[in-house]
Amino acid sequence: MVSLHTKKHIVNDLLAFTLIVFISYILKDFLIPILFAILLSVMIYPIVRFFEARLYFNRIFSITIDILIFTAIIFFVFTLIGIQFQNILDKSDMYYENITEKFQVLITQTENYTGIKSEEIVGSGQIEVKKIVKENSNNIFAFLTRSGSILSDFILTPLYMFFFLLYRSFLISFLHKATTNNRQSTRVVLSQLYDVQQNYLLGLGSVMIMVGLLNSIGLLILGIDYPFFFGFLCALLLLVPYIGIIIGSLLPAAVALATKDSYWYAVGVVAVFGFIQFIEGNFITPKITGSKVSLNSFASILAIILFSMLWGFPGMILALPITASLKVLFDHTEKFRPIGFILGEADDKYFSNSAKKRLKAWKQIRS
């Protein structure tokens, strides 16, 4: 039987968890820029440290220069993406006509076999894709900005980064003073948190470059338009694990369907991207990222779903680094250590079946 004291602890933990989730949802417009700022500060900290230690730059000057360069790169990348999307959008009506024409044979066959009229399948009117996108631009903009204003986040995140990097020693001293009973443990936890985030970011960047090159080569071989744009766009969508690769393959597959004579080019695009995703998930990412971000796939998917429900699209991006950080904290807390265990990677022994065990025991007996 569970004691009354244990029941009270369980109730208190559930109430605390509910309160944290509620506060996180209410304060999402405040928390999201801060969390992105922490993550990006960890990413550019080695460069800031290099400027300070090797080039003997002033700390404020080093931080300002690094943040300006980083912001300019991000702005340049998104500008290129916007320009390329506009070029594709200008051809959207032509793409739609070509796709509709290619599907006409399939639609006719469907009508003959099922008796469903073609007008019920594609509609009776001519659809202009570009007009639809323009008419729904407000809805798209609302979706992208529902967690807060893009402009305010674009301003606040670099500002938070500046202060995090400027006051980094001061903030670390505060954490040590707040945990005076176990300063050594605090130092170890902070070091592991930094390693987890740094490893995740460096690994993610390397994986994006490799996957982008592989995607682009695959699209070049198939002769798809805009191969490098689609290849690296899909790699950029790896920010949203598991889901990003699916979204990233749909647009080049649609372009292949609209510009090529055979349906198999679109199938080939999906197959190439799927194969590269398999290589990335099973070989590239485990090899590059290593064991420091040791979240199992099931925990990762659950984290992405839960954080997307909590914070929308930004939550999907922040899900893995936050969950990896929570695992570090759980592993160093006696009470929550089982949760840290269930979030981590499972050893091979948990996947072995009874037949393998009997075979292994039989071999030991024979030897």
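Note that the structure is a prediction, hence the values are computed from the model and not measured. (Residues numbered from 1 in each chain as written. Predicted model: local features only at pLDDT ≥ 70, side-chain atom pairs only at ≥ 80, totals over all residues. Heavy atoms only, no water.)

**Student:** Tell me what's going on with unusual backbone geometry, and back it up with residues and numbers.
**Tutor:** One non-glycine residue with positive phi stands out, namely Y56, at about 55°. Positionally, Y56 belongs in the loop between α2 (28-53) and α3 (59-90). What makes Y56 exposed here is its relative accessible area of 70%. A positive phi angle is found at Y226, which is not glycine, with a value near 50°. For Y226, the location among the structural elements is in the loop between α10 (183-222) and α11 (227-236). (Helix = DSSP H or I, 4+ residues; strand = E, 2+ residues; numbered from the N terminus. Buried < 20%, exposed > 50% of the residue type's maximum accessible area, 1.4 Å probe, protein only.)

**Student:** Describe the nonpolar core, listing the residues and the values that go with them.
**Tutor:** V211, F307 and W311 are the most contacted members of the largest nonpolar core, which has 34 residues in total. If you list the elements that add at least two residues to this core, you get α2, α10, α13 (264-289), α14 (297-311) and α15 (313-331). I81, I99, I224 and A253 belong to the second largest nonpolar core, which has 20 residues in total. (Core = buried A, V, L, I, M, F, W, Y, C linked by side-chain atoms within 4.5 Å.)

**Student:** Which residues make up the packing of aromatic side chains, and what are the values?
**Tutor:** Each aromatic ring pair is described using two quantities: the centre-to-centre distance and the angle formed by the ring planes. This structure, assessed with the given rule, holds twelve aromatic pairs. Relative to F57, the ring of F51 lies with its centre 5.6 Å away and its plane at 70°, an arrangement referred to as edge-to-face. With relative accessibility at 35%, the residue F57 sits in the partly exposed group. Ring geometry for F229 and F230: centres 5.3 Å apart, planes at 55°, overall tilted. Judged by its relative accessible area of 1%, F230 falls in the buried class. (Phe/Tyr/Trp six-rings, centres within 6.5 Å; stacked < 30°, edge-to-face > 60°.)

**Student:** I'd love a proper account of the side chain of D66, names of residues and values included.
**Tutor:** Tracing the chain through its elements places D66 in helix α3. Buried charged residue D66 carries no salt bridge. Nearest counter-charge: R168, at 8.6 Å. If we ignore the near neighbours within four places in the chain, the residues touching D66 are I44, I47, V48 and F51. (Lys, Arg positive; Asp, Glu negative; His and termini not counted. Salt bridge = Lys/Arg side-chain N within 4 Å of Asp/Glu carboxyl O. Contact = heavy atoms within 4.5 Å.)

**Student:** So what about a nonpolar patch on the surface? Which residues, and what values?
**Tutor:** Together, I69, I73, I74, F75, F76, V77, F78, L80, I83 and F154 make up a nonpolar patch on the protein surface, roughly 960 Å² of accessible area in all. Per-element accounting of the nonpolar patch gives the leading share, nine residues, to α3. Looking at the element boundaries, I74 is found in helix α3. I74 gets classed as partly exposed once you look at its relative accessible area, which sits at 30%. (Patch = residues over 30% accessible without salt bridge, like charges linked within 9 Å, V, L, I, M, F, W, Y side chains within 5 Å. Areas by Shrake-Rupley, 256 points an atom, 1.4 Å probe, with all protein chains shown as cover.)

These results come straight from atomic positions and should not be treated as a statement about function.
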